[in-house]
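Commentary on secondary and tertiary structure
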Amino acid sequence: QVQLVESGGGLVQPGGSLRLSCTASGSIFTIYTMGWYRQAPGKQRELVATITRGGTINYADSVKEQFTISRDNAKNTVYLQMNSLRPEDTAVYLCNANALDSRLLTRRDYWGQGTQVTVSS
């Protein structure tokens, strides 16, 4: 099994910044795409940003120029730098990884438990 653990969420004032981290561990053979999604109360889960193993990045239009995704393949870690945060960015942020399990030799999506980001004055 592959486990994902997020960190870095919290309460921040509008205009502030946060950096989220997500580290994968367990029976990992290869991690392909990693990414961040978010879910606000009463809303559907939505894509924030993804990054492939080779570094190809995709952002939701709503966060372009505001958020930056990056990853460290050696550490099986993906980051999300969030700047100029707004109240509408408040949500649970979930890490996702598409990975090949080294024991089961199956490839599937894995999800973290999520980290709360609250933007409020």
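Structural notes, computed from the coordinates. Everything numeric in this text was worked out from a predicted model, so none of it was measured. (Residues numbered from 1 in each chain as written. Predicted model: local features only at pLDDT ≥ 70, side-chain atom pairs only at ≥ 80, totals over all residues. Heavy atoms only, no water.)

With that out of the way, let us pick up the side chain of N98. Structurally, the position occupied by N98 is in strand β9 (residues 91-101). Polar contacts involving the side chain of N98 include one to the side chain of R107, which spans 2.6 Å. Among residues more than four places away in sequence, those in contact with N98 are T30, I31, Y32, T33, R107, R108 and D109. (Helix = DSSP H or I, 4+ residues; strand = E, 2+ residues; numbered from the N terminus. Polar contact = N/O pair within 3.5 Å; in protein donor to acceptor, adjacent residues only side chain to side chain. Contact = heavy atoms within 4.5 Å.)

In terms of burial, β9 is a largely internal element, ten of the eleven residues being buried. Of the pairings in the sheet, the one linking strand β4 (residues 28-39) to β9 comprises nine bridges and is antiparallel in character. Within β9, the residue paired with T30 across the bridge is L100. By the bridge criterion, three bridges tie β9 to strand β11 (residues 115-119) in an arrangement that is antiparallel. (Buried < 20%, exposed > 50% of the residue type's maximum accessible area, 1.4 Å probe, protein only. Pairing = 2+ DSSP bridges.)

When the charged atoms of two side chains with opposite charge come close together, those side chains can pair. Evaluated as defined, the whole model comprises five salt bridges. The salt bridge involving R38 is made with E46; its shortest N-O contact spans 2.6 Å. Owing to a relative accessible area of 6%, R38 belongs among the buried residues under this scheme. The closest approach of N and O atoms between R38 and D89, which form a salt bridge, is 3.0 Å. Placement of the pair is R38 in strand β4 and D89 in the loop between β8 (77-82) and β9, with a sequence separation of 51 residues. Exposure class is identical for R38 and D89. Each is buried. (Salt bridge = Lys/Arg side-chain N within 4 Å of Asp/Glu carboxyl O.)

Of the two faces of β11, only one is covered, namely that formed by T115, V117 and V119; the face formed by Q116 and T118 stays uncovered. Relative to β11, strand β2 (residues 10-12) is paired through three bridges, and the arrangement is parallel. Within the sheet, the bridge partner assigned to G10 lies in β11 and is V117.

A few words now on the environment of N98. Classification of N98 as buried rests on a relative accessible area of 16%. At a separation of 2.9 Å, a polar atom in the side chain of N98 contacts the side chain of D109.

Next up on the list: the sheet that holds β8. Read from one edge to the other, the open sheet built from four strands follows the order β1-β3-β8-β7, with strand pairing classed as antiparallel. The sheet is open, and its two edges are formed by β1 (2-7) and β7 (67-72), each paired on a single side. When the angles between neighbouring strand axes are averaged without regard to direction, this sheet yields 15°. Bridge count between β7 and β8: six bridges; the pairing is antiparallel. Paired with S70 across the two strands is Y79, which belongs to β8. (Axes fitted to C-alpha atoms, helices over the stretch in contact; angles between N-to-C directions.)

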